[in-house]
Amino acid sequence: MSEFFLELFSEEIPAGLQQNSRNALLEEFQKLFFEKKILFKKSASFSTPNRLIILFEGVSKEITQKEEEIRGPGTNAPEKAIEGFIRSNQINKKDLFKKKTDKGEFYFFKKLSKKINTIDLLEEQTPLILDKLQWKKSMKWGNYSLNWARPLKSILGIFNDKNLNFKFHHLTCSNTTFIDKEFEDKKKIFKNFKSYNEFFNESGTIIDQSLRKEFITKQFETISRKNNFNIETNKKLLEEVTDLVEQPNVLVCKFDEKFLDIPKEILIITMQHHQKYFPTFDKKGKITNEFLVVANNKDVEGFIKIGNERVVDARLSDAQFFWEKNKSQNLVKQVSKLKTMNYFKGLGSYHDKIQRMRKLGGMISDELLISKDQVELSASICKVDLISDLVGEFPELQGIMGGYFAEEQGFDKEIVLAVSEHYLPAGLDSKTPKKPFSIALALTDKIDTLVGFFGINQKPTSSKDPYALRRSALGIIKLLIDNNKEFKIKDLISYSTSLHRDQGFELLNELSQRELADFLKDRLKYYMKEKKIRADIIEASINAYSIDHMNKIYNKASTLNSVINEEIGEDIIANYKRASNILDSELKNSDLELSNTTDPGIFKNDYEKNLFKKINQIRKYFTNINKDENYKESLVVLAGAKKVISDFFDNVKVNDEDKNIKKNRLELLQMLCRTFNNYINFSKIETK
């Protein structure tokens, strides 16, 4: 068994492009190996900023191609098509024979069994695979025709200690590569991946990105213990930094303590998003003036540390200047400036948006029994931070900075929190606002956004969602579910639509309200799926209620999902399905028309009477429960009917010879099913 090892050396590839390219390239080679039936034991892909590497271990040296018949054009096809088939398969016309199939008569030729050396196949297919690699961003350079993320300098290809012999555009594959990216005259021959990996390990280069990440994480832990501080591990940043370096070395740096007076979010954004640094926190969670830098080599002279400290001091000086300037600018007086700030074509300015939000927020405040004036005030000022220098410099801080400005200017705590949280929740794992004023403002903003964009037909497509409308919809769902709230969402959508039209905006999509309701249901399905709720339970709950009851839909589904495989869940489904199956069977080919009631006066036995009594007890339970329904208790009530239902089916013949008795018993079963459907639509539940 042999080894296939490929290295593509280029100028530095951005971290954001490495993961996709190494995964895509590995998948293409795996696909080739499976299609050509090339056996292998293990495969992997690695990358550093300059190197993209593919490795297959335990590869068979040759493959046996079985004899097969290859179908060509039909016998009535033009001569050119037949000649093309002959040419592409490198055969003679005399090799063709005719054969009839279900689809007509075609030319065939017999491809004989033969053995193919794996190295020959790799030399033929590797350049084709490399040509198929798609980059999100690519470039051409010089007079070359090759599109690559960054200029490709060399290709090293080894199979069974022999170098592959193929050309890819202007490059020829060899067994050598550059060993120093700074000095490209330094090259070395390699015969296998083991010697290659050992050589670079000795020089401090970690080829395997997972080992680089592990190395960085361990250094973080060691430094954290030594310095008695905590490190906020931003997973996305850690992945990015791992792909930015090949010889990781973690440095502890500091910035001037005076910058700790700036809001911590500014410090974090500056370090994480702009400089790729890792902030540190004391044991109480307060940010410190120390931060970590993952350098790409040793800092023997300390110049890397000094350079990074100078850079962060310069950026924080700018941030401090903007903070001092912006925090004292009166938020209320600046509201009028939003008239000149365009929100979206067809939806007006940000000033138009906050006027709509004021009125919609007032409606929501009535539902939450909170001050309408306070909600309207928070809506008025929540977008003012968009015109500040700080948000211009750090767009990620919109909303958060508005909250800080409001706090500096003495606004009530509820308003401060509402302004800072009104963009939340921003995803599945995002924090959800919990305070009433925050809920009101966040819900207001998201409904106004969705109604406006759906109204002007700027809806998400299957592949694109440029205005993050799915996130807004998910935000509404999380606001309701995480806070155990229900709102008349349809009324809010309708009112928001009228607010847009009152401002003179043409919402040309007449179906926007219905489409938005369907969109919210789809997002709710997605949310429940992410929460590992069974697909049939999702359908059963979604079909039972409108979007005015999204919290109820979720909680009923979640509760049933938690017990569906337990005795209580099995009893409920079995009882329901036994009744509904008989109903379906009897009504399918029958001219019977059932009424909505059953007549206890013609019951023939106690089993019918007991079932009728039990159904009425359950109906009374559902009639008397209020908004605080205990969903687990409801399931217990339904499961509690098991004995009465079993006794009925064991002792009563539903398909009685007397048509009136049969009809009455079927109406009794219909009554049972409809009573169960007070919980959710059990007809959608699949039996396992």
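Our subject is the structure listed above.
Position numbers for residues start from 1 in each chain and track the written sequence from start to end. Per-residue local features are limited, in this predicted model, to residues with pLDDT of at least 70; the limit for side-chain atom pairs, both in listing and counting, is 80 or more; totals at the level of whole chains, interfaces and linings are taken over all residues. Excluded from the side-chain calculation are hydrogens and water; included are all heavy atoms of the structure.

Caption draft 1: Broad picture of the overall build of the protein chain. Along its length, the protein chain carries 25 helices and 20 strands. Only the C-alpha atoms count toward the radius of gyration. The rule for a globule is 2.2 Å times the residue count to the power 0.38. Against the compact-globule benchmark of 26 Å for 688 residues, the protein chain has a radius of gyration of 34 Å, which places it well outside the compact range. Principal-axis analysis of the C-alpha atoms places the extent of the protein chain at approximately 100 × 85 × 55 Å. Counting the 688 residues in the protein chain, one finds 49% classified as buried. Working definition: helices are DSSP H or I runs of at least four residues, strands are E runs of at least two. Numbering for both runs from the N terminus. Relative accessibility decides the category of a residue: with a 1.4 Å probe and only protein chains considered, values under 20% of the type maximum give buried, values over 50% give exposed, and everything between is partly exposed.

Caption draft 2: Summary view of the packing of helix α24 (residues 642-651) against helix α25 (residues 659-676). Throughout, an axis means a line fitted to C-alpha atoms (over the contacting stretch in the case of helices), and angles, computed between N-to-C directions, take values from 0 to 180 degrees. In contact at an axis separation of 13 Å, α24 and α25 are set at 155° when each is read in the N-to-C sense. Relative to α25, the element α24 lies roughly antiparallel. Classified by chirality, the crossing of α25 by α24 is left-handed. Seen from α24, the contacting residues are I645, F648 and F649; seen from α25, they are L668, L669, L672 and F676. Residues that form the contact of α24 with α25 fall into these classes: 7 nonpolar, no polar and no charged. Roughly parallel means an angle under 35 degrees; roughly antiparallel, over 145; roughly perpendicular, 65 to 115; everything else is oblique. In this scheme the crossing of two helices becomes right-handed for a clockwise turn of the near helix relative to the far one and left-handed for an anticlockwise turn of less than a right angle. Two residues form a contact once any of their heavy atoms are found within 4.5 Å. Classification used: nonpolar for Ala, Val, Leu, Ile, Met, Phe, Trp, Tyr, Cys and Pro, charged for Asp, Glu, Lys and Arg, polar for all others including Gly.

Caption draft 3: Quick look at the layout of surface pockets. Cavities and pockets are found on a 1 Å grid laid over the protein atoms alone: a cavity is a set of points where a 1.4 Å probe fits but cannot escape, a pocket is an open set with protein on both sides within 12 Å along at least five of seven lines, and a lining residue has an atom within 4 Å of such a point. Grid points are joined across faces, edges and corners, and a volume is the space filled by probe spheres set on the points. In this model, the second largest pocket occupies a volume close to 720 Å³. Residue lining of the second largest pocket: 22 residues in total, with K36, Q65, K111, K114 and I116 positioned closest to the centre. Secondary structure elements with two or more residues in the lining of the second largest pocket: β4 (62-65), β7 (104-111), β8 (114-117) and α3 (118-132). In terms of residues, the lining of the second largest pocket owes the most to one element, α3, which gives 4 residues. Counted by class, the lining of the second largest pocket contains 6 nonpolar, 6 polar and 10 charged residues.

Caption draft 4: Structural detail: the sheet that holds strand β10 (residues 162-163). Paired strands, in this sense, are two strands between which DSSP finds at least two bridges. Spatially, 5 strands are ordered β2-β3-β1-β9-β10 in an open sheet, and the strand pairing comes out antiparallel. The outermost strands of the open sheet, each flanked by one partner alone, are β2 (42-47) and β10. By the bridge criterion, 6 bridges tie β2 to strand β3 (residues 51-59) in an arrangement that is antiparallel. Across the sheet, residue S45 finds its bridge partner in β3, namely I54. Strands in contact with helix α4 (residues 193-202) are β1 (2-10), β2 and β3; relative to β3, the strand with the most contacts, it is inclined by about 140°.

Caption draft 5: How the structure looks around the pattern of salt bridges. What makes a salt bridge here is a side-chain nitrogen of Lys or Arg within 4 Å of a carboxyl oxygen of Asp or Glu, nothing more. Following the criterion strictly, the structure yields 34 salt bridges and no others. For the salt bridge of K525 with E539, the shortest nitrogen-to-oxygen distance reads 3.3 Å. Remark: E539 occurs in helix α19 (residues 535-542) and K525 occurs in helix α18 (residues 512-530); sequence separation between them is 14 residues. Here K556 makes a salt bridge to E629, at a shortest N to O gap of 3.4 Å. One end of the pair, K556, is in helix α20 (residues 550-563); the other, E629, is in the loop between α22 (606-624) and α23 (631-639), with 73 residues separating them in the sequence. We note that K556, like E629, is buried. Connected through shared salt-bridge partners, K353, R356, K383, D445 and D448 make up one network.

Caption draft 6: Region of interest: the pairing of β7. Taken together, the 5 bridges between strand β5 (residues 68-74) and β7 define a ladder with antiparallel strand orientation. If you follow E69 over to β7, its bridge partner there is K110. As paired elements, strand β6 (residues 97-101) and β7 share 5 bridges and run antiparallel to each other. The residue of β7 that forms the bridge with T101 is G104. Connecting the antiparallel pair β6 and β7 is a turn made up of 2 residues.

Caption draft 7: Spatial organisation of the sheet that holds β5. One open sheet holds the 3 strands; their spatial order is β5-β7-β6, and the pairing between them is antiparallel. The sheet terminates laterally at β5 and β6, the two strands that pair on one side only. Along the sheet, successive strands turn relative to each other by an average axial angle of 45°, direction set aside.

Caption draft 8: Summary view of the environment of I86. Structurally, I86 can be placed in helix α2 (residues 79-88). Here the alpha-carbon distance between I86 and A44, two residues 42 residues apart in the chain, equals 38 Å. Setting aside residues no more than four positions away along its own chain, I86 makes contact with I91, N92, K93 and L96.

Caption draft 9: Geometry of empty space enclosed by the protein. Inspection of the entire model under this criterion finds 1 cavity of 30 Å³ or more. Estimated volume of the largest cavity: approximately 50 Å³. Together, N326, Q329, L331, Q334, V384, D385, I387, S388 and F405 line the largest cavity. The residue makeup of the lining of the largest cavity, split by class, is 4 nonpolar, 4 polar and 1 charged.

Caption draft 10: Geometry of the side chain of T118. With respect to the element layout, T118 can be found in helix α3. A relative accessible area of 1% means that T118 is categorised as buried. Beyond its immediate stretch of four places on either side in the chain, T118 contacts I38, V59, S60, K61, E62, I63 and F159.

Caption draft 11: Region of the structure containing the packing of aromatic side chains. Note on ring pairs: Phe, Tyr and Trp rings are taken, using the six-membered ring of Trp, and paired if centres are within 6.5 Å. Classes follow the plane angle, with under 30 degrees stacked, over 60 edge-to-face and the rest tilted. As enumerated under the stated definition, the model contains 42 aromatic pairs in all. Look at F199 and F200: their rings are 5.3 Å apart centre to centre, the planes differ by 85°, and that puts the pair in the edge-to-face class. Site record: aromatic cluster; members linked through ring pairs are F5, F46, F190, F193, Y196, F199 and F200. The residue whose ring lies beneath K187 is F178, and the NZ or CZ to ring-centre distance is 4.9 Å. In this scheme, Lys NZ or Arg CZ marks a charge over a ring once it lies within 6 Å of the ring centre and within 35 degrees of the ring normal.

Caption draft 12: Representation of the nonpolar core within the structure. To define a nonpolar core, start from buried Ala, Val, Leu, Ile, Met, Phe, Trp, Tyr and Cys residues and group those joined through side-chain atoms within 4.5 Å. Counting residues in hydrophobic clusters, the biggest one holds 136 residues, and the most contacted among them are I489, L520, L560 and F682. Broken down by element, the residue count for this core peaks at 11 residues, all from helix α15 (residues 436-455). Those residues in contact with I489 that lie beyond four places of it in its chain are I476, L480, L520, I547, D548 and M550. Among the nonpolar cores identified, the runner-up in size contains 36 residues, and L17, I119, L146 and A149 belong to it.

Caption draft 13: Structural view of helix α13 (residues 400-408). Of all the positions in α13, only M401, G402, G403, F405 and A406 are classed as buried. On its buried face, α13 is in contact with α7 (264-274), α8 (303-326), α9 (331-334), α11 (372-381), α12 (389-393) and α14 (413-421).

Caption draft 14: Region of the structure containing the environment of Y350. With respect to the secondary-structure elements, Y350 resides in helix α10 (residues 350-368). In this structure the C-alpha to C-alpha distance between Y350 and K339, which are 11 residues apart in sequence, comes to 6.4 Å. If near-sequence neighbours (up to four positions away) are discounted, Y350 is found in contact with L338, M341, N342, Y343, K383 and L386.

Caption draft 15: Quick look at α24. Within the sequence span of α24, burial applies to V644, I645, F648 and F649. Projected down its long axis, α24 shows its buried positions confined to an angular sector of 130°, all on one face. Exposed positions of α24 whose direction lies more than 90 degrees from the buried face are K643 and D650. Lining the buried residues of α24 we find α21 (567-588), α22 and α25. The directions considered for the arc run from the helix axis to the C-beta atoms.

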